[in-house]
Amino acid sequence: MTTKAAILPVLVKQIKLLPGLVGETQSGMSPSKKLLFDTQVNTVLRRCTETIDRNVTALVAGKSIKLRRKISEAGKSNDSAMSAALQLINLLRLIEEHLGPIQKPLETKITEAVSESISSLSREVDKLSVRNESEIKSHWHSLNRNIEGLLRKLELLHPHSRQAFQATLWWFSQQGKSMDLDLLFGIRNKPPLALNELSKVIDKAEQGIVAREKKELLSFYQMTPQQLLSTIQKTIRNCRAVSSPYLKRAFKAEVPTQVIKHLEGIRRTLQVSLGPERAREWLNSPLELFDGKTARFALLAGETLPLLHLIKRFDEAPHY
Amino acid sequence: MILFIDDEARLMDSYYNYLEIEMEPYGQEVRFISDVDEALNYFENQHAEIDLVILDVMMPFGKSFSASRSNSGLATGLLFYKRIRNLTPSLPVLIFTNYYEDGLEKLFANDSKCQLLQKSDYLLEDFVFEVKKSLSLC
């Protein structure tokens, strides 16, 4: 048995002990509430176990000690169910920390984002002296959302099956955030399975996110979600061809969120400098820099960076 | 009997297991089916035995529905709902989904026996409460 294979069952066994330890602390709960709590704990734990399973390499690298200590502390904690929930949140945070060293930039980025959201939840919970069920429920609610987000992201990176991958893309189309566009972009460029017809489902996922999260941007540039996504993709492609090290450093456009940030910057500058109406007119006026084509046309062709450069000079120029 | 249809069995098992425990005292069996074709077949043959259908929306369209009408699977459950209503106009239905589009509620506005629940808003106990309400158990 390899070291990796040997350590996993030990960790999983220890994690599985946690519901029992947590259960002993719930003397004040009714049997049905206890059952509910245990079921929810088990759901979270199962998800933790899956996370560990996927990232056992990092755990093998001698980083499991902290996790084990935390698990044993769970048994000695005080007698409120909230503290059990807190322990679980901490446990998740530790798991997230273990994910960090993995040498896959995309995975690490996701991990950092989820870790931050779990940490902020944990900080919020730390401030409370919670003893009533409704508050516990609200924190379970946040925790569940966070864990589901993490699980969905991992599912895209390491799909259980083609069907699960597709279902996860549907989920992103309805629940994904704009930062998830980077993940979808990465998945499209380096798919974990043969995409074929699934590339259309990735399109739908991206369009769903943009339509929901970027309404102001779509309205300002008068673009459909498909046009905005095409602008983003073309900008990234054009940016790869830029040879100037200065431009590459100053205007990064390697992933969708960076392009979106530039587009939002252009919008803000134009709206502040010209006002909303004139900004819109300017977007649709021919520009010498683009051989008489409009700024909006240039954007649709993926010329975001030259436009940004122009706007930056425009913004720095004295206003009369 | 409660028929619970959702393609993501792995993610829904805690809901299913908890519902099964909570429904046992009421003599309600819970039948979970993740395959759309199997679920439709089961519903069409057994609808007289079913007291409530819990239905996801975003599911593979299978052989029973078309790719275009189901929007490549995004809206399969809505087509399934229409089949339910063709056979059983007053059977309680809970649409339990992550799917959302503007005007979705309007689809069910005239159907007092159908309720739309967003998955992300419902923890286990809230979900079970809604099931009990639909079956007039609370």
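Residues numbered from 1 in each chain as written. Chains lettered and ligands numbered in written order. Predicted model: local features only at pLDDT ≥ 70, side-chain atom pairs only at ≥ 80, totals over all residues.

Caption draft 1: Up close: the overall build of chain A. Scanning chain A from terminus to terminus reveals 17 helices and 2 strands. Within chain A, the fraction of its 320 residues that count as buried is 35%. In chain A, the share of contacts with a sequence separation of at least 24, taken over all contacts with a separation of at least 6, comes to 65%. (Helix = DSSP H or I, 4+ residues; strand = E, 2+ residues; numbered from the N terminus. Buried ≥ 20, exposed ≤ 12 C-beta atoms within 10 Å, placed from the backbone. Contact = placed C-beta atoms within 7 Å.)

Caption draft 2: Quick peek at the domain arrangement of chain A. All names here are of chain A. When cut into domains, chain A gives domain 1 (3–158), domain 2 (161–213) and domain 3 (215–316). Every contact between the two is made by 9 residues of domain 2 and, on the other side, 8 residues of domain 3. Within the residue set of the side of domain 2 that touches domain 3, elements represented by two or more residues are helix H9 (180–189) and helix H10 (198–213). No other element matches H10, which puts 4 residues into the side of domain 2 that touches domain 3. Tallied by class, the residues present in the side of domain 2 that touches domain 3 amount to 5 nonpolar, 2 polar and 2 charged. (Domains from an automatic or database assignment. Nonpolar A, V, L, I, M, F, W, Y, C, P; charged D, E, K, R; others polar.)

Caption draft 3: Representation of the environment of lysine 82 of chain B in the model. Take lysine 82 of chain B: it is sitting in helix H3 (residues 76–87). Between the alpha carbons of lysine 82 of chain B and methionine 23 of chain B there is a distance of 27 Å; along the sequence they are 59 residues apart.

Caption draft 4: How the structure looks around the pairing of strand S4 (residues 93–97) of chain B. Residues and elements named next belong to chain B. Within S4, 5 of the 5 residues are buried, which leaves it mostly tucked inside the rest of the structure. Neither face of S4 is open: one carries Val93, Ile95 and Thr97, the other Leu94 and Phe96, and all of them are buried. Of the pairings in the sheet, the one linking strand S3 (residues 52–55) to S4 comprises 3 bridges and is parallel in character. Bridge assignment links isoleucine 54 to a residue of S4, and that residue is leucine 94. (Pairing = 2+ DSSP bridges.)

Caption draft 5: Structural detail: the sheet that holds S3 of chain B. Residue and element names in this part refer to chain B. One open sheet holds the 5 strands; their spatial order is S2-S1-S3-S4-S5, and the pairing between them is parallel. At either end of the open sheet lies a strand with only one pairing partner, and these are strand S2 (30–33) and strand S5 (114–118). In this sheet, adjacent strand axes meet at a mean angle of 15 degrees when their direction is disregarded. Note that strand S1 (residues 2–5) and S2 share 4 bridges and pair parallel. By the bridge assignment, phenylalanine 4 is partnered in S2 with phenylalanine 32. (Axes fitted to C-alpha atoms, helices over the stretch in contact; angles between N-to-C directions.)

Caption draft 6: Seen up close, the packing of helix H1 (residues 9–23) of chain B against helix H5 (residues 124–134) of chain B. Residues and elements named next belong to chain B. Remark: H1 packs on H5, axes separated minimally by 10 Å, with the N-to-C direction vectors making an angle of 55 degrees. Relative to H5, H1 is oriented oblique. In this structure, H1 crosses over H5, and the sense of that crossing is right-handed. Of H5, the residues touching H1 (which contributes Ser14, Tyr15, Tyr18, Leu19 and Glu22) are Leu124, Phe127, Val128 and Val131. Partitioning the contact of H1 with H5 into residue classes produces 7 nonpolar, 1 polar and 1 charged. (Parallel < 35°, antiparallel > 145°, perpendicular 65-115°, else oblique. Left-handed = near helix turned anticlockwise from the far one by under 90°.)

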